[in-house]
Amino acid sequence: MPTSSSSSSSFSSAASSSGNRQADVFSRLASSDPEVKLKALREVKNQIIGNRTKKLSFLKLGAVPAIASALSDSECNSILVQSAAALGSFACGFEAGVQAVLDAGVFPLLLRLLTSSDEKVVDAGARSLRMIFQSNQAPKYDFLQEKNMKFLFSLLNSENENVSGLGASIIAHACGTTVQQQVLCDAGVLEKLVILLDGSLSQREACLESLATVLKNNPEAVSRFVGLEAGRYLSSVTELTKDRYPRTRLLSCLCLVVIYNTSPSYFLNMGTKSSLVTTLLELLNDHGQSGDDAALGLSSLIAEKEDLQKLAYEANAIKNIVDILKTGSELHPKRLQGLFLSLAELCSKLEDCRCSFLSLEMLDLLVNALRHKNADVRTAACICFRNAARSVKVAVLGALSNIVLDFSSPKSTFIEYGGIKQLIELSKSMDPNARCSALRALRNLMFLADNKRKELFYSEVKAQGFVSLISDPEPTVQEQALALLRNLVDGCINSIEFVFDEDGLILDTVGKQLRKSPQAHMAIQGMYVLTNVASGTELHKEAVMQQLFPQPQAESNNFMLKFLQSHESQLRSATVWTIINLISPSSPGAHDRHVKLRDEGIIPQLKNMVNDACLDVKIRIRTVLSQSMSFGDN
């Protein structure tokens, strides 16, 4: 096609033209004319800044050795500045560039620039060296050697911000052992570094990176740092998490993560923890290196810490991370690794996190990550998959629980294919989360169910099975079992009869659980069971009274009074509802039950609650007091 051919021809022409320009610039680097050479150096520097493709093109031409030659041979300060700047640009974020610069033997030449009397030359040399020290290929300094320590302190003591920043960068790069951390701390490095926190932007950022390196996994070093000027510098680092520059916010966060992981006792304030989590989550949206590093920082912060995982979950971390993964744009392997590790940590302990993660249709993204060319990404995805898969059954049960509550869904099909029986089997699982989810699904199945469905369910579970569920060692399982029973006995008289099977074994178990001063949420469900039973016949009401005030009386401990005095309005409301059903004036034994409730202090307690803070409770109490008046009670 003519159009395609024309486009291809234009592209080839443009590429050829670009290559010719680069070759022309390269040839001028060797010029004997200082002005021509200086202009060529500027052109190389300007072309390669932030452009990996052009860096690679110039590397293939041999530009780095040519620039190294200019740096070595020239005494012109302008050429020295531009040579150092160009070399630094090659090394910036480009490992092949770092290797080429080091292979050209320019490292000692750049160090020599630091002794120049020209401040611009010193700045250029220091900046270029800092670019090199961002790479793992940079030379390592042995701080145990006295000459190296003296050199380091000469940098840190410099009034030139790029030189002092270089000193901090060397520490961040070369300090890798506990012995080195100790030697640096004993030499007073911490005291030197913290001064940079009040310096320029580049000094602050270099300082934060260095502090994180010196403090990492070293409780003694952390203690020294926190103790400097009574915690002033810890506060300074914390304050920098609110800085306007994303990189500064990130580095201060990473420094705090190191301190927290090393010595958690310095982070007792929940507000500080929450702020740290929130800031890292915000930084995940940064499109540059800060976003890449923030992902790994977040995973490190929340690793094995359930309280921080809860904070991250409440801050919508899972959805934020999944949204980033679903953007479709190509993410840096480091960022992918950090994002999947963060998801893995969130799914490691909290069931809600696992269910939330699985509900966001992440399977395709996980499978793609397991095929990624980067081994670290594949490993992170494997860990994420393993942690999330702990809960596949529970997640399915959670989804099923919502489905069976939906009146538009075909419940009958689910029941027809043995769904109830399967849920009852899962309610006996060794996993408490599975038991809880199965009971929640059954609870929803029994909501406003007809008697046929209730009988089908009860024929499978029986009285002994219900007793086991209500007496489960896990409070959350007990709560769901009582909520299921509440729905089972709601409705017609026949439904109430289920709790009287085997001589009232289920009702007796409910009474025993309520007399044990249970957690409020469990007590609410238990009292609503009694409310529903008390709505039945005279026999049913008397059975409830027996649970409220068993013989001998000493066993009771009058738990109804405790419930009426509870801070939970739902528990107070459920208790008042039970009383309303017990003393309904149309019931023959209502007067005697009213007398009993009055003698036990229940009615007087209600009179003290006429102005209850909860409107629903207030209205129900007025109903009870109106009933009392029909029995001659003032």
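Residues numbered from 1 in each chain as written. Predicted model: local features only at pLDDT ≥ 70, side-chain atom pairs only at ≥ 80, totals over all residues. Heavy atoms only, no water.

Regarding the overall build of the protein chain
Applicable threshold: Each helix is a run of DSSP H or I of at least 4 residues and each strand a run of E of at least 2, with the numbering of both proceeding from the N terminus. In this setup the radius of gyration rests on C-alpha atoms only. A globule is expected at 2.2 Å times the number of residues raised to 0.38. Whether a residue is buried, partly exposed or exposed follows from its accessible area with a 1.4 Å probe, protein chains only, as a fraction of its type maximum: under 20%, in between, or over 50%, in that order. Shrake-Rupley sampling with a 1.4 Å probe provides the accessible areas, and residues are treated as covered by the protein chains on show and by no other component. Within this scheme the basic residues Lys and Arg register as positive and the acidic residues Asp and Glu register as negative, but His and the chain ends are omitted. Every charge is mapped to an atom, namely NZ of Lys, CZ of Arg, CG of Asp or CD of Glu.
Along the protein chain, the regular secondary structure elements total 39 helices and zero strands. Taking 634 residues into account, the globule formula puts the C-alpha radius of gyration at 26 Å, and the protein chain, at 36 Å, lies well above it. In terms of principal-axis extent, the alpha carbons of the protein chain reach across some 120 × 75 × 40 Å. Out of the 634 residues belonging to the protein chain, those deemed buried represent 50%. Just so you have it, the protein chain exposes about 29400 Å², and 51% of that area is on carbon and sulfur atoms. The centroid of the 65 positive side-chain charges in the protein chain is displaced by 3 Å from the centroid of its 66 negative side-chain charges.

Observations regarding the environment of Ala 303
Inclusion rule: The contact definition used throughout considers only heavy atoms, calling two residues in contact when any of these lie within 4.5 Å.
Mapped onto the elements, Ala 303 comes out in the loop between helix H18 (289-302) and helix H19 (306-314). Separated by 45 residues in the primary sequence, Ala 303 and Ser 348 have C-alpha atoms spaced 8.9 Å apart. Excluding residues within four positions of it along the chain, Ala 303 makes contact with Gln 309 and Glu 345.

Description of the pattern of salt bridges
Convention followed: One side-chain nitrogen of Lys or Arg within 4 Å of one carboxyl oxygen of Asp or Glu is enough to make a salt bridge.
Inspection of every chain in the model, using the stated rule, returns 22 salt bridges. We note a salt bridge from Lys 150 to Glu 146, for which the minimum N-O separation is 3.5 Å. Here the residue Lys 150 and the residue Glu 146 both occupy positions in helix H9 (residues 146-156), the gap between them amounting to four residues, near one helical turn. Judged by relative accessible area, which is 54%, Lys 150 ranks as exposed. Note on Glu 146: relative accessible area 57%, which makes it exposed. The partner of Lys 242 in a salt bridge is Glu 239, with the nearest N and O atoms 3.8 Å apart. Given a relative accessible area of 49%, Glu 239 falls into the partly exposed group. Taken together, the salt bridges that share partners define one network made up of Asp 186, Glu 220 and Arg 224.

With respect to the packing of helix H5 (residues 77-91) against helix H8 (residues 119-132)
Rule in force here: Axis definition: a line fit to C-alpha positions, over the contact stretch in the case of helices; interaxial angles, taken between N-to-C directions, run 0 to 180 degrees. Here the angle decides the label: under 35 degrees means roughly parallel, over 145 means roughly antiparallel, 65 to 115 means roughly perpendicular, and every other value means oblique. In this scheme, a crossing is called left-handed if the near helix is turned counterclockwise away from the far one by less than a right angle; it is called right-handed if the turn is clockwise.
It is the contact of H5 with H8, at a shortest axis distance of 8 Å, that shows an interaxial angle of 15°. As judged from the angle between their axes, H5 and H8 are roughly parallel. The handedness of the crossing between H5 and H8 comes out as left-handed. Where H5 approaches H8, its residues Asn 77, Leu 80, Val 81, Ala 84, Leu 87, Gly 88 and Ala 91 are matched on the opposing element by Lys 120, Val 121, Ala 124, Gly 125, Ser 128, Met 131 and Ile 132.

Brief notes about the state of the cysteines
Heads up, the condition is: Criterion for a disulfide: a pair of cysteine sulfur atoms at a distance within 2.5 Å.
The tally for this structure, following the rule as stated, stands at zero disulfides. Cys 185 takes part in no disulfide bond, and the closest cysteine sulfur, belonging to Cys 175, lies 7.9 Å away. Its relative accessible area of 6% is what places Cys 185 among the buried residues. As a non-bridged cysteine, Cys 207 has Cys 255 as the owner of its nearest cysteine sulfur, 7.6 Å distant. Of the residues examined, Cys 207 reaches a relative accessible area of 0% and is grouped as buried.

Focus: unusual backbone geometry
The residue Leu 448 is not glycine, and still its phi comes out positive at about 55°. Tracing the backbone shows Leu 448 in the loop between helix H28 (432-446) and helix H29 (451-470). Given the relative accessible area of 62%, Leu 448 is considered exposed. Although it is not a glycine, Asp 503 sits at a positive phi angle of roughly 60°.

Some thoughts on the confidence of the model for the protein chain
The condition that has to hold: Values of pLDDT, the confidence the predictor places in each residue, fall between 0 and 100.
On average, residues of the protein chain score 86 in pLDDT, and 90% of them reach the 70 mark or higher. Low confidence marks residues 1-15, where pLDDT is under 50. Its contacts with residues over four positions away, or in another chain, come to zero contacts.

Regarding the environment of Ala 70
Mapped onto the fold, Ala 70 is located in helix H4 (residues 63-73). On the basis of relative accessibility, which here comes to 3%, the residue Ala 70 falls in the buried class. Counting along the chain gives 73 residues from Ala 70 to Phe 143, while the straight-line C-alpha distance between them is 32 Å. Beyond its immediate stretch of four places on either side in the chain, Ala 70 contacts Lys 37, Ile 79 and Ser 83.

Observations regarding helix H13 (residues 201-215)
Put simply, the rule reads: Expected helix span is taken as 1.5 Å per residue step, with the number of steps being one fewer than the number of residues.
Taking 1.5 Å per residue as the helical rise, H13 with its 15 residues ought to reach 21 Å, and the 21 Å between its terminal C-alpha atoms agrees with that figure. Counting buried residues in H13 gives 12 out of 15 residues, a clear majority hidden from the surface. For H13, the complete set of buried residues consists of Gln 203, Arg 204, Glu 205, Ala 206, Cys 207, Leu 208, Ser 210, Leu 211, Ala 212, Thr 213, Val 214 and Leu 215. Note on H13: the residue one or two positions beyond its end, Asn 217, has a positive phi of about 55°.

Quick word on the nonpolar core
Operational definition: Nonpolar cores were defined as sets of buried Ala, Val, Leu, Ile, Met, Phe, Trp, Tyr and Cys residues, with membership established by side-chain atoms within 4.5 Å.
Of all hydrophobic cores here, the largest spans 125 residues; its most connected members are Phe 225 and Phe 340. By residue number, the principal contributor to this core is helix H16 (residues 246-262), which donates nine residues. With near-sequence residues (within four places) excluded, Phe 225 lies in contact with Leu 190, Val 194, Leu 211, Leu 215, Tyr 233, Leu 234, Val 237 and Ile 259.

Notes on helix H22 (residues 351-359)
What counts, and what does not: Directions drawn from the helix axis to the C-beta atoms are what define this arc.
Those residues of H22 not exposed but buried are Glu 351, Cys 353, Arg 354 and Phe 357. End-on view of H22: buried residues confined to an arc of 160°, all on one side of the axis.

Looking at the layout of surface pockets
As a reminder, the rule being used: A 1.4 Å probe that fits into a set of points on a 1 Å grid over the protein atoms alone but cannot get out defines a cavity; an open set with protein on both sides within 12 Å along at least five of seven lines defines a pocket, and lining residues are those with an atom within 4 Å of a point. Grid points are joined across faces, edges and corners, and a volume is the space filled by probe spheres set on the points.
There is about 2100 Å³ of room inside the largest pocket. Taken together, 49 residues line the largest pocket, and the ones lying closest to its centre are Glu 209, Arg 247, Gln 289, Asp 293 and Lys 334. Among the elements of the structure, helix H6 (95-103), H8, helix H10 (161-174), H13, H16, H18 and helix H21 (333-349) are those that each provide at least two residues to the lining of the largest pocket. Per element, the largest residue contribution to the lining of the largest pocket is eight residues, and it comes from H16.

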